[in-house]
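Letter by letter, the chains look like this.
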Amino acid sequence: MRIWLPLQRLVSARYFFEFSSRILPWLGWVTLLILLTGLGWGLFYAPTDYQQGESYRIIFIHVPSAWMSMFAYMVMAGCSAIFLIWRIRIMDLFATSTAPIGASFTLIALATGSLWGRPMWGTYWVWDARLTSELILLFLYFGVMALRAAIDEPRRQGRAVALLTLLGVVNIPVIHFSVEWWNTLHQPASITKAAAPSIHLSMLIPLLLMALGFTLLYLYMALQRTQGAIIEQEIDSTWLQERLSNNTIETEGGTGK
Amino acid sequence: MTTLNGILIRQLRRELLLAYRRRGDALTPLLFFIIVITLFPLGISPEKVLLQQFGAGALWIAALLASMLSLQRLFTTDHGNGVLEQLLVTPCPLSFLLATKLMAHWLSSGLPLVFLSPLLAEPFGLEWSTYPALVAGLLLGTPVLLIIGAISAALTVGLRGGGLLLTLLTLPLYVPVLIFGTGAVMAVSRGMSAAPHLSLLGAMCLVSLTFGPWLTALALKISLD
């Protein structure tokens with residue numbers, strides 16, 4: 001029981017708010033540090049690729065955002081499942097906050113991918129299996145966001161969106177493999193990934209740093225947005241009003257000195 | 001005394017009777033199917049070689065859109081006149097009732113489309129040998145389309161702009177069915193077996209038949225809560 005107590009507390013909106021207010025500043029600085037290190041390393045110190053020249057460096061943005069686009073959907077699906085089963089409201093708020101962030105990562109992955117594709121493949125867009133399933137993932141995000149926007153009653157909203165998210169997550173592997181198969185049927189091996197040599201350590205380390213940085217960035221933004229959602233929903237509750245007025249007093253006191 | 005079977009049979013009869021009385025509603029998606037198919041040669045090319053290449057895809061895309069269009073009448077009238085609430089309070093499991101509803105819907109809109117498809121394949125110059133793959137694919141694929149759509153329709157029931165939202169939710173989920181359905185026809189026309197595609201479609205059909213009515217019921221309960 002003692003182990004579960006902190007967890008139980010954390011899922012109540014109030015403690016979640018307190019907890020995230022405490023870690024958000026730290027998280028923000030650590031994220032910034034890691035992202036700057038990874039970006040600097042990747043853009044300036046990592047060696048030039050012998051085949052792709054300098055333009056390969058876009059992978060330091062592209063690959064982490066592609067990873068995050070899927071990771072965010074998985075987090076969203078996990079939160080939705082927990083919300084549907086245990087009715088923990090904070091999970092719904094976290095999933096809500098995740099959707100636009102995940103969609104942005106997907107968009108970034110698509111955009112950087114096509115920018116990279118221009119010098120490499122000679123075209124901005126190919127109907128390649130990965131690109132297509134990433135595009136469909138973007139549509140799934142849009143669907144989730146549109147359904148949430150269309151429903152007004154909060155009780156219905158959260159559960160309906162959670163069910164749709166889970167329906168999507170069941171379909172993601174099916175879509176992925178069907179698209180992969182479709183692609184191999186239609187245009188056999190027009191793009192082989194240049195017989196990809198396994199990535200060298202000097203490129204791998206900044207890439208992993210960027211991946212870590214993106215994950216933290218996602219967490220930072222999602223927590224921030226969840227806090228916003230809590231404020232929006234609980235604005236009438238006493239604890240929040242006390243909390244917010246305390247905050248203003250503190251900052252006023254701070255500027256007064 | 002009414003048994004579960006009795007209720008379900010009565011429910012099925014009601015749905016079929018309603019479909020028969022509102023023949024126009026069931027006919028519209030079929031006409032839509034035919035018109036969309038007509039647009040493909042006009043928009044792309046009437047050349048025989050090209051037609052043969054994209055014919056199967058055109059048929060499947062039209063079937064996809066037609067079955068999506070027919071979804072809108074799945075719950076709207078029943079929602080409007082309060083039948084859905086009645087179904088919800090019936091002591092019979094909602095998923096069973098919805099299964100009969102979906103079956104009636106498929107019989108009135110999915111099955112005619114399957115029968116119509118060989119007729120429409122002919123103007124595209126698809127070879128006769130591909131017809132079994134086309135028909136079998138549609139036979140297995142249209143229930144999947146219906147069930148995926150029914151879950152989304154249940155989620156969007158009674159929402160403003162629900163129809164347009166429905167298309168946004170369902171179309172991405174339709175992708176695998178489209179790929180395997182077209183793939184089956186293309187495989188035969190290239191002298192390969194359609195069996196792998198059809199088995200996958202069959203698997204999707206079985207999975208959605210198993211879980212579909214239950215998920216639709218869940219979605220409906222959320223929406224009407």
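In this report, the structure presented in the accompanying data block is examined. The structure presented is a predicted model; accordingly, all values stated were derived computationally and were not measured. (Residues numbered from 1 in each chain as written. Chains lettered and ligands numbered in written order. Predicted model: local features only at pLDDT ≥ 70, side-chain atom pairs only at ≥ 80, totals over all residues. Heavy atoms only, no water.)

Points about the overall build of chain A
- Secondary structure assignment for chain A yields 8 helices and 0 strands.
- Listing each helix as α and each strand as β along chain A from the N terminus yields α-α-α-α-α-α-α-α.
- A total of about 14200 Å² of accessible surface is found on chain A, and carbon and sulfur atoms cover 68% of it. (Helix = DSSP H or I, 4+ residues; strand = E, 2+ residues; numbered from the N terminus. Areas by Shrake-Rupley, 256 points an atom, 1.4 Å probe, with all protein chains shown as cover.)

Side note on the overall build of chain B
- Counting its secondary structure elements, chain B contains 8 helices and 0 strands.
- When its helices and strands are written in sequence order, chain B yields α-α-α-α-α-α-α-α.
- The globule rule puts the C-alpha radius of gyration for 225 residues at 17 Å, and the 18 Å found for chain B is close to it.
- For the C-alpha atoms alone, the extent of chain B along its principal axes is close to 60 × 35 × 30 Å.
- Burial analysis of chain B (225 residues in total) assigns 53% to the buried set. (Rg over C-alpha atoms; globule rule 2.2 N^0.38 Å. Buried < 20%, exposed > 50% of the residue type's maximum accessible area, 1.4 Å probe, protein only.)

Description of the nonpolar core
- Ranked by internal contacts, the top residues of the largest apolar core, which has 141 residues, are Tyr73(A), Leu147(A), Tyr218(A), Phe33(B), Phe75(B) and Leu220(B).
- Residues within four places of Tyr73(A) in sequence aside, it is in contact with Leu137(A), Leu140(A), Tyr141(A), Val144(A), Leu164(A), Thr165(A), Gly168(A), Val169(A) and Ile172(A). (Core = buried A, V, L, I, M, F, W, Y, C linked by side-chain atoms within 4.5 Å. Contact = heavy atoms within 4.5 Å.)

Thoughts on the interface of chain B and chain A
- Facing the 27 residues of chain B at the interface are 27 residues of chain A.
- On the chain B side of the contact with chain A, Leu155(B), Leu173(B) and Ile222(B) bury the most area, a combined 23% of that side's loss.
- Taken together, the links from chain B to chain A amount to 1 salt bridge.
- Here Asp152(A) and Arg160(B) are joined by a salt bridge, their closest N and O atoms 3.2 Å apart.
- Applying the counting criterion to the chain B and chain A interface returns 4 residue pairs in polar contact (both at pLDDT 80 or more).
- Listed by contribution, the elements that provide at least two residues to the side of chain B that touches chain A are helix H6 (131-156), helix H7 (162-189) and helix H8 (195-224) of chain B.
- Classifying every residue of the side of chain B that touches chain A by side-chain character gives 21 nonpolar, 3 polar and 3 charged. (Buried area = accessible area lost by both parts, 1.4 Å probe. Salt bridge = Lys/Arg side-chain N within 4 Å of Asp/Glu carboxyl O. Polar contact = N/O pair within 3.5 Å; in protein donor to acceptor, adjacent residues only side chain to side chain. Nonpolar A, V, L, I, M, F, W, Y, C, P; charged D, E, K, R; others polar.)

Section: the side chain of Thr216(B)
- Relative to the assigned elements, Thr216(B) resides in helix H8.
- Not counting the four nearest positions on each side in its chain, Thr216(B) is found in contact with Phe75(B), Leu98(B), Leu102(B), Ala150(B), Ile151(B) and Ala154(B).

Examining a nonpolar patch on the surface
All names here are of chain A.
- On the surface, a nonpolar cluster with roughly 690 Å² of combined accessible area is contributed by Trp41, Leu43, Phe44, Tyr45, Leu201 and Ile205.
- Among the elements of the structure, helix H2 (13-45) and helix H7 (201-233) are those that each provide at least two residues to the nonpolar patch.
- Of all the elements, H2 adds the most residues to the nonpolar patch, at 4 residues.
- When you line up the elements, Tyr45 lands in helix H2. (Patch = residues over 30% accessible without salt bridge, like charges linked within 9 Å, V, L, I, M, F, W, Y side chains within 5 Å.)

Regarding the packing of aromatic side chains
- Taken as a whole and judged by the stated rule, the model has 9 aromatic pairs over all chains.
- Ring geometry for Tyr56(A) against Phe60(A): centres 5.9 Å apart, planes inclined by 65°, an arrangement best described as edge-to-face.
- Taken together, the aromatic side chains of Phe40(B), Phe54(B) and Phe124(B) make up a single cluster linked through ring pairs.
- The ring of Tyr124(A) has Arg118(A) sitting right over it, with the charged end atom 5.3 Å from the ring centre.
- The ring of Tyr20(B) carries the charged tip of Arg23(B) above its face, separated from the ring centre by 4.6 Å. (Phe/Tyr/Trp six-rings, centres within 6.5 Å; stacked < 30°, edge-to-face > 60°. Lys NZ or Arg CZ within 6 Å of the ring centre and 35° of its normal.)

Considering the environment of Asp49(A)
All names here are of chain A.
- With respect to the helices, strands and loops of the structure, Asp49 is situated in the loop between H2 and helix H3 (59-86).
- Here the alpha-carbon distance between Asp49 and His62, two residues 13 residues apart in the chain, equals 16 Å.
- Discounting residues that sit within four places of it in the chain, Asp49 has contacts with Tyr56 and Met203.

Things to note about helix H4 (residues 89-121) of chain A
All names here are of chain A.
- For H4, with 33 residues, the first-to-last C-alpha span of 46 Å sits near the 48 Å given by 1.5 Å per residue.
- Maximum bend of H4: about 30°, positioned at Ala99, with proline Pro100 one to four residues after it.
- Remark: Gly122 follows H4 within two positions and exhibits a positive phi of approximately 80°. (Expected span 1.5 Å × (residues − 1). Bend = angle between axes of the 7 residues up to and from the residue.)

Section: H8(B)
- Here H8(B) is 30 residues long and its end C-alpha atoms lie 42 Å apart, about the 44 Å a rise of 1.5 Å per residue gives.
- At Phe211(B), H8(B) shows its maximal bend, which comes to roughly 40°, and the proline Pro213(B) appears one to four places after that position.

So, the environment of Ala195(B)
Residue and element names in this part refer to chain B.
- With respect to the secondary-structure elements, Ala195 resides in helix H8.
- Residue class for Ala195 comes out partly exposed when judged on its relative accessible area of 40%.
- Taking C-alpha positions, Ala195 is 8.7 Å from Ala133, a pair spaced 62 residues apart along the chain.

Looking at the packing of helix H2 (residues 23-43) of chain B against helix H5 (residues 94-121) of chain B
Residues and elements named next belong to chain B.
- Two elements in contact, H2 and H5, have axes separated by 10 Å at closest approach and are oriented at 30°. One element, H2, and the other, H5, form an angle in the roughly parallel class. Once H2 is placed against H5, the crossing between them reads as right-handed. Judged by residue contacts, Ala26, Leu30, Phe33, Ile34 and Ile37 of H2 engage Ser108, Ser109, Pro112, Leu113, Leu116 and Leu120 from H5.
- For the contact of H2 with H5, the residue count by class is 9 nonpolar, 2 polar and no charged. (Axes fitted to C-alpha atoms, helices over the stretch in contact; angles between N-to-C directions. Parallel < 35°, antiparallel > 145°, perpendicular 65-115°, else oblique. Left-handed = near helix turned anticlockwise from the far one by under 90°.)

Re the pattern of salt bridges
Residue and element names in this part refer to chain B.
- Per the counting criterion, the structure on display carries 8 salt bridges over all chains.
- Of the charged contacts, one joins Glu15 and Arg14 as a salt bridge, the two residues approaching to 3.1 Å between their closest N and O atoms.
- By relative accessible area, which is 8% here, Glu15 ends up buried.
- One network of salt bridges, in which partners are shared, links Arg14, Glu15, Asp78 and Lys101.

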